[in-house]
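# A closer look at the structure
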Amino acid sequence: QALDDVFRHFFDQQSSQEFQWQWNTDRAHAVTGLYLFDADAAGNVKTSTRGAFMVSAGVVKTESAALFSDLVWDFDNRMSLELGLRYTRERKTGTVLNQGYTAATFTKPNGHVAADFTDSTVFHSPSPRINLSYAPNEALMLYAQVSRGFKSGGYKIRANTVAVPESASHVAAAAPP
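Residues numbered from 1 in each chain as written. Predicted model: local features only at pLDDT ≥ 70, side-chain atom pairs only at ≥ 80, totals over all residues. Heavy atoms only, no water.

Let us now look at the overall build of the protein. Across its full length, the protein carries 0 helices and 6 strands. Traced from its N-terminal end to its C-terminal end, the protein shows the element sequence β-β-β-β-β-β. Over its C-alpha trace the protein gives a radius of gyration of 24 Å, far above what one expects of a compact globule, namely 16 Å for 177 residues. The principal-axis extent of the C-alpha atoms belonging to the protein is close to 75 × 30 × 25 Å. The proportion of buried residues among the 177 residues of the protein is 27%. About 11700 Å² of surface is accessible on the protein, with carbon and sulfur atoms providing 56% of the total. (Helix = DSSP H or I, 4+ residues; strand = E, 2+ residues; numbered from the N terminus. Rg over C-alpha atoms; globule rule 2.2 N^0.38 Å. Buried < 20%, exposed > 50% of the residue type's maximum accessible area, 1.4 Å probe, protein only. Areas by Shrake-Rupley, 256 points an atom, 1.4 Å probe, with all protein chains shown as cover.)

Written out as structure tokens, the structure is:
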């Protein structure tokens, strides 16, 4: 006999659009643009554990926009400098309802609510990049690069605000190294 039954259903939808403007001369090349992203990540997890029935359900909506620019300056045929900058602003909204049910049909709530919230937060970050490259011959290129990336946080669909009140808050992204 199984101790736990877990049934999962997930739904993800996303769309993105990028606009670019380019500029070129004999020694310089540049691109600048706008990147737009919209996504919904949703789902529910139904669990049956020794007569306890729970549904954890929610959706995380992401709306993101980023401005970017990249410039390459060719000093000669062998050496170039590349400077880039991206600024991202991202809004995440999490809506969660985790509640207990009277039976494995998951049709009648039993009154136990582990989490019921909607929260929203905004992340933003500049992401610079510098690259210096040198090609001593046609078969070899040496380069040094310094950059910083960006990853936003999110929300826990399976939050339990009764046991862990701070689980209704957004989860911060890891700090860049």
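This part takes up the sheet that holds strand S3 (residues 52–74). Overall, antiparallel pairing links the 6 strands, which are arranged S1-S2-S3-S4-S5-S6 in an open sheet. The strands lining the two open edges of the sheet, one partner per strand, are strand S1 (4–24) and strand S6 (140–147). Shown here is a sheet whose adjacent strand axes are inclined to one another by a mean of 15 degrees, direction ignored. Pairing of S1 with strand S2 (residues 28–49), which is carried by 21 bridges, proceeds in the antiparallel orientation. Paired with Glu18 across the bridge in S2 is Tyr35. (Pairing = 2+ DSSP bridges. Axes fitted to C-alpha atoms, helices over the stretch in contact; angles between N-to-C directions.)

What follows is about the packing of aromatic side chains. Inspection of the entire model under this criterion finds 2 aromatic pairs. When the ring of Phe53 is compared with that of Phe106, the centres are 6.2 Å apart and the planes differ by 85 degrees; the resulting orientation is edge-to-face. You can see Phe53 sitting in strand S3 and its partner Phe106 sitting in the loop between strand S4 (79–101) and strand S5 (109–137), a full 53 residues away along the chain. For the pair shown, Phe53 and Phe106 are each scored as buried. A ring pair is formed by Tyr101 and Phe106, whose centres lie 6.0 Å apart and whose planes are at 70 degrees; its orientation type is edge-to-face. Taken together, the aromatic side chains of Phe53, Tyr101 and Phe106 make up a single cluster linked through ring pairs. (Phe/Tyr/Trp six-rings, centres within 6.5 Å; stacked < 30°, edge-to-face > 60°.)

Right, let's get into the pairing of S3. As judged from the 22 bridges shared by S2 and S3, these two strands associate in the antiparallel manner. In the strand pairing of S3, Lys46 is matched with Val55. Hairpin connection between S2 and S3: a loop of 2 residues separates the two successive antiparallel strands, and Arg50 in this loop has a positive phi of roughly 45 degrees. Bridge count between S3 and S4: 22 bridges; the pairing is antiparallel.

A contiguous nonpolar surface patch, about 610 Å² in accessible area, is contributed by Trp73, Phe75, Met79, Leu132, Tyr134, Leu140 and Leu142. Breaking the nonpolar patch down by element, the ones donating at least two residues are S5 and S6. Its relative accessible area of 39% is what places Phe75 among the partly exposed residues. (Patch = residues over 30% accessible without salt bridge, like charges linked within 9 Å, V, L, I, M, F, W, Y side chains within 5 Å. Salt bridge = Lys/Arg side-chain N within 4 Å of Asp/Glu carboxyl O.)

Mapped onto the fold, Ser48 is located in strand S2. When its relative accessible area of 13% is taken as the criterion, Ser48 is described as buried. Those residues in contact with Ser48 that lie beyond four places of it in its chain are Leu3, Asp4, Asp5, Phe53, Ala104 and Phe106. (Contact = heavy atoms within 4.5 Å.)

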